[in-house]
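As a plain string of letters, each chain reads:
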Amino acid sequence: MADFDLVIRNGTVVTASDTQHCDIGIKGGIIAMLGRGLAAGEREIDAAGKLVLPGAIDSHCHIEQKSSAGVICADDFYSATVSAAFGGTTTVIPFAAQHRGQSLRQVVEEYHDAAGPKAVIDYAFHLIISDPTEQVLGQELPALIRDGYTSFKVYMTYDLLRLDDGQMLDILALARREGAMMMVHAENHDIIAWLANRLLERGMSQPRYHAVSHARIAEGEATNRAVALAELLDVPLLIVHVSAAEAIEVIRDAQTKGLRIYGETCPQYLFLTADDISMDLEGTKFCCSPPPRDKAAQEAVWRGLANGTFQVFSSDHAPYRYDETGKLLKGDKTTFKDTANGVPGIELRVPLLFSEGVGKGRIDINRFVALTATNHARIYGLYPKKGTIAVGSDADIAIWDPQREVTVRAADIHDNVGYTPYEGMQLTGWPVTVLSRGRVVVDDGKLVAERGSGNFLPCALSDAAKPLGRTTPELAFAAATSGAPLV
Ligand code: URP
Ligand code: ZN
Ligand code: ZN
């Protein structure tokens, strides 16, 4: 009998900290041994000339999610996870999204019903909190955190999702008490609404004006405010989908002050600009919030990836078809205000960063692994089960051919969207074999995983979400004079 179920031989194994030539022995879905010249496996994969990387984690994607405007995603848990796997991703963390009036627990059950029979790779859930009632904050959310839903997103904009600063503080205080990780969509709602109204009054309703209304100052201001609220209560905070230099600067400054402020960015902010959002309706394909900016902002995002301002690189896959179910909700009368926000990217996220980041020398391969896999696992409580190649970790592995040349074509992508913002890009490097818990999921361009074979992953509380133990002079005074801290 062979020592291992599977041995991956002769590859270059890369983690967030090391690069080494070794074999990987896998048994029962777990990495059992790393070393040279390992004993035989029942199955063997020769990875000579290939890079052997941890399966990537996409911790920001919208799957089978109903938007606050009632629009349904083009991808369900099958198509989204298949598409993710073809791009080297082996774990997704989409959202179980609460709409106002809904019970969070009920929402989570509905997302489980959707994901369980369909996902082909493993998944966890973040929560979206849009209705922080006493019942939600006092009972449902603390219980859900204990059940493995240890991170949640809140919004500072969108009519039906946004929270005011007081509600943000209530939730930050809860995150601190429970040890959960809070994520925030930081854009100033009133600036966006004010600009949008002025534009629409003047008949400026074409897609390109989406990027005018979502001004970079709106993103910078809200990011600054979110950081201030987090600093006041000494709570770590992750700012999602950062696009503007103004926001990057705020995050960098906060980190320099020693605050636990984390940043996430996405492919659309590296490879698109506002000028991709054309005046005609095709421009809706590029409308996302925050919008892509300009070449200078792209450079600022690259710098933030290279210098550690950003810890995670996610897709923010928000799959809407170019028809009346998604981008063209009101047909040819669709204004920039009506169109569904978001761009697809769950399959291309990692290949884009590999080709243009590692391939062009902007980031090294270890940082690439950290940004696409390891840091997601660390921040959201999945490490070391996920996000690395180590003895005892799940054998979630992507074997990359660093020389493979691929021309991006929507027709070759496995999501249900029907277009890609990156059409025609020439990429070098592609994941050719992808394993989830030792099972081959993608084998040289062919799907071999079964529907529903992905597992739910409860998340632990993460060290990244721990408060620093700092306070402000005002809160210190209140604590000293009352004998009890305010938070
Ligand atoms: O435009 C975007 N990013 N749509 C997805 C929803 C969100 O806010 O992440
Ligand atoms: Zn968002
Ligand atoms: Zn999103």
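Scoring rules and cut-offs
- Residues numbered from 1 in each chain as written.
- Chains lettered and ligands numbered in written order.
- Predicted model: local features only at pLDDT ≥ 70, side-chain atom pairs only at ≥ 80, totals over all residues.
- Heavy atoms only, no water.
- Donors = N, O, S within 2.8 Å, 3.2 Å for Na, K, Ca; no water.
- Tetrahedral: all angles 85-135°; square planar, octahedral: opposite > 155°, others 65-115°.
- Buried < 20%, exposed > 50% of the residue type's maximum accessible area, 1.4 Å probe, protein only.
- Axes fitted to C-alpha atoms, helices over the stretch in contact; angles between N-to-C directions.
- Helix = DSSP H or I, 4+ residues; strand = E, 2+ residues; numbered from the N terminus.
- Parallel < 35°, antiparallel > 145°, perpendicular 65-115°, else oblique.
- Left-handed = near helix turned anticlockwise from the far one by under 90°.
- Contact = heavy atoms within 4.5 Å.

What exactly am I supposed to notice about the coordination of the zinc ion (ligand 3) here?
Angles at a metal have ideal values that depend on geometry: 109.5 degrees with four tetrahedral donors, 90 or 180 degrees with six octahedral donors. Coordination sphere of the zinc ion (ligand 3), protein contribution only: His60 (NE2), His62 (NE2) and Asp316 (OD), at 2.0 to 2.1 Å. For the zinc ion (ligand 3), the four donor atoms in the first shell make angles of 89 to 124° at the metal, so the coordination geometry reads as tetrahedral. For the zinc ion (ligand 3), all donor residues lie on one chain, and their spacing in sequence is H-x1-H-x253-D. A spacing of 4.0 Å is found between the zinc ion (ligand 3) and the zinc ion (ligand 2). Given the relative accessible area of 0%, His60 is considered buried. Among the residues examined, His62 registers a relative accessible area of 7% and is labelled buried.

Looking at this structure, how should I read the coordination of the zinc ion (ligand 2)?
For the zinc ion (ligand 2), the full set of protein donor atoms is Lys153 (NZ), His185 (ND1) and His241 (NE2), at a range of 2.1 to 2.2 Å. In terms of primary sequence, the donors binding the zinc ion (ligand 2) are separated according to K-x31-H-x55-H. We classify Lys153 as buried; its relative accessible area is 1%. For His241, a relative accessible area of 2% puts it in the buried group.

Would you take a moment to explain the packing of helix 11 (residues 349-358) against helix 12 (residues 365-379) for this structure?
In helix packing, the relevant descriptors are the interaxial angle and the interaxial distance, both defined with respect to the helix axes. Helix 12 packs onto helix 11 with a crossing angle of 155° between their chain directions and a minimal axis gap of 9 Å. In terms of orientation, helix 11 and helix 12 fall into the roughly antiparallel class. With respect to the hand of their crossing, helix 11 and helix 12 are arranged in right-handed fashion. Contacts between helix 11 and helix 12 pair Arg349, Val350, Leu353, Phe354 and Val358 from the former with Ile365, Phe368, Leu371, Thr372 and His376 from the latter.

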